[in-house]
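Spelled out, the chains give:
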Amino acid sequence: MCPVDRIVLALAAAWTAVTTALLPPPQLPHRLPDRTLNVPILMYHRVGKLPAVVGPYSAGLTVSTSAFDAQMEWLHRNGFHAITPLQLFDALEWGGKLPPRPVLITFDDGYADVLYNAEPILHRLGMPAVAFVITDRVSGADASFLTWSELRDLERDGFTIGSHTVHHRDLTAMSTAQAWYELEHSRAALEERLGVPVDWFAYPAGAYDATVASLARRAGYLLAVTTQPGTVQFARDPLTLHRDEILGGERVATFAALLHSAS
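Cut-off values and rules
Residues numbered from 1 in each chain as written. Predicted model: local features only at pLDDT ≥ 70, side-chain atom pairs only at ≥ 80, totals over all residues. Heavy atoms only, no water. Helix = DSSP H or I, 4+ residues; strand = E, 2+ residues; numbered from the N terminus. Contact = heavy atoms within 4.5 Å. Phe/Tyr/Trp six-rings, centres within 6.5 Å; stacked < 30°, edge-to-face > 60°. Buried < 20%, exposed > 50% of the residue type's maximum accessible area, 1.4 Å probe, protein only. Polar contact = N/O pair within 3.5 Å; in protein donor to acceptor, adjacent residues only side chain to side chain. Salt bridge = Lys/Arg side-chain N within 4 Å of Asp/Glu carboxyl O. Axes fitted to C-alpha atoms, helices over the stretch in contact; angles between N-to-C directions. Parallel < 35°, antiparallel > 145°, perpendicular 65-115°, else oblique. Pairing = 2+ DSSP bridges. Right-handed = clockwise from strand over helix to strand, strands pointing away. Core = buried A, V, L, I, M, F, W, Y, C linked by side-chain atoms within 4.5 Å.

Novice: Go over the overall build of the protein with me, naming the residues and quoting the values.
Specialist: A count of helical and extended segments in the protein gives nine helices and 12 strands. Partitioning the intrachain contacts of the protein with sequence separation of at least 6 by distance along the chain shows that 68% fall at a separation of at least 24.

Novice: Tell me about the packing of aromatic side chains, residues and numbers included.
Specialist: The full count for this structure, using the stated rule, is 11 aromatic pairs. Measuring from centroid to centroid gives 5.1 Å for Tyr44 and Phe68, while their planes differ by 85°, and the two rings are edge-to-face. Of the two residues, Tyr44 sits in strand E2 (residues 41-44) while Phe68 sits in helix H3 (residues 65-77), which places them 24 residues apart along the sequence. The same class applies to Tyr44 as to Phe68, namely buried. Taking 4.5 Å as the distance between ring centres and 20° as the angle between the ring planes, the aromatic pair formed by Tyr111 and Phe145 counts as stacked. Residue Tyr111 is found in the loop between strand E6 (102-109) and helix H5 (113-125), and its partner Phe145 is found in the loop between strand E7 (129-133) and helix H6 (148-156); the two are separated by 34 residues along the sequence. Judged by its relative accessible area of 7%, Phe145 falls in the buried class.

Novice: I'd like to hear about the side chain of His242, residue by residue, with values.
Specialist: Looking at the element boundaries, His242 is found in the loop between strand E11 (232-234) and strand E12 (244-245). One polar contact links the side chain of His242 to the main-chain carbonyl oxygen of Val232, over a distance of 3.0 Å. His242 has contacts with Ile41, Thr226, Gln228, Pro229, Gly230, Val232, Gln233 and Phe234, leaving out every residue within four places of it along the chain.

Novice: Quick one: what's the story with the pattern of salt bridges, residue by residue and with numbers?
Specialist: Considering all chains together, one arrives at seven salt bridges under this definition. The partner of Arg46 in a salt bridge is Asp113, with the nearest N and O atoms 2.9 Å apart. Here Arg46 is found in strand E3 (residues 46-47), whereas its partner Asp113 is found in helix H5, with 67 residues between them in sequence. With a relative accessible area of 24%, Arg46 lands in the partly exposed category. On the accessibility criterion, Asp113 (12% relative accessible area) is buried. Residue Arg124 is joined to Glu73 by a salt bridge in which the shortest nitrogen-to-oxygen separation is 2.6 Å. Taken together, the positions of Arg124 in helix H5 and Glu73 in helix H3 put the pair 51 residues apart, joining distant regions of the chain.

Novice: Pulling in residues and values, what's your account of the side chain of Ser163?
Specialist: Of note, Ser163 is situated in strand E8 (residues 159-163). Only 2.6 Å separates the side chain of Ser163 from the side chain of Ser186, close enough to count as a polar contact. Engagement of the side chain of Ser163 in a polar contact is seen with the side chain of Tyr221, the distance being 3.3 Å. Aside from chain neighbours lying at most four places away, what touches Ser163 is Phe132, Val133, Ser186, Arg187, Leu190, Val198, Trp200, Phe201, Ala202 and Tyr221.

Novice: Tell me what's going on with the packing of H6 against helix H7 (residues 176-194), and back it up with residues and numbers.
Specialist: For the pair H6 and H7, the least separation of the axes is 10 Å and the interaxial angle reads 75°. It follows that H6 is roughly perpendicular to H7 by the angle criterion. Along its contact with H6, which presents Trp148, Leu151 and Arg152, the element H7 presents Ala189, Leu190, Arg193 and Leu194.

Novice: Account for the pairing of E8, naming residues and giving values.
Specialist: Within E8, five of the five residues are buried, which leaves the element mostly enclosed by the surrounding structure. Judged by which residues are buried, E8 turns out to be covered on both faces: Phe159, Ile161 and Ser163 on one side and Thr160 and Gly162 on the other are all buried. Where E7 meets E8, five bridges bridge the pair, whose relative direction is parallel. Note on E8: the bridge partner recorded for Ala131 is Ile161. The parallel pair E7 and E8 is bridged by H6, and the resulting crossover is right-handed.

Novice: Provide a residue-level description of the nonpolar core, including the pertinent values.
Specialist: Within the largest apolar cluster, 38 residues are counted, with the highest numbers of intra-cluster contacts made by Tyr44, Phe68, Met72, Leu75, Ile105 and Phe107. Here the element with the most residues in this core is H5; it accounts for six residues. Non-local contacts of Phe68, meaning those with residues more than four positions away in its chain, are made with Tyr44, Val47, Val63, Phe107, Ala118, Ile121 and Leu122. Formed by 20 residues, the second largest nonpolar core is a distinct cluster that contains Leu28, Leu88, Leu98 and Trp200.

Following this line, the structure appears as structure tokens:
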């Protein structure tokens, strides 16, 4: 991204922060409505060069830059509109209006290649997205993950940041106290470092149960995504939204078939 674009985006982000601060924070209705919306939520992990050595997860986790570009171009050409989680929340829980053919684009874990390979494509097409971040891996020993500075750049470039816990461990296998720590401390760390509210959550490996979902709501999250496939989202279950994983090696035709089934 050129310096001028970064300045424009920084000014826009600053203006959004000011106007947002003047508005009441979003909150769930006291009584959740009986509403459903057909909104695909796409799950990515890494975007970049496919790994030379294929491990048990590497092939599926990595979508090549060219494949990701083709998928986003297909969405753009076929009239899909990328939305923010706040737009989805407002429409699902409060009846707000969404653009035609809405889609929510998400990235799990907080890999640096999302900033360097995915963000330029999304920026070019004017498409917002969400990054769910494992806070313990930010600025950690593994350089494949974002640093705090890079995460701030990603947020300034138009990404919404959500939590993916502190350590990316199965919340359903923990004690209530341990699960609460993962949920609450990850949110607190992101809000402290970024200076913005963090209202969105992704369960590690999609694992949740009624207790974990209740804790997520108590921790202040407004929407949470699972790995259960499907495009119908239920207002009565805002902490268990469905999501379709996009795997490496998937052809555009396969990608298109998934999205057409949601139209």
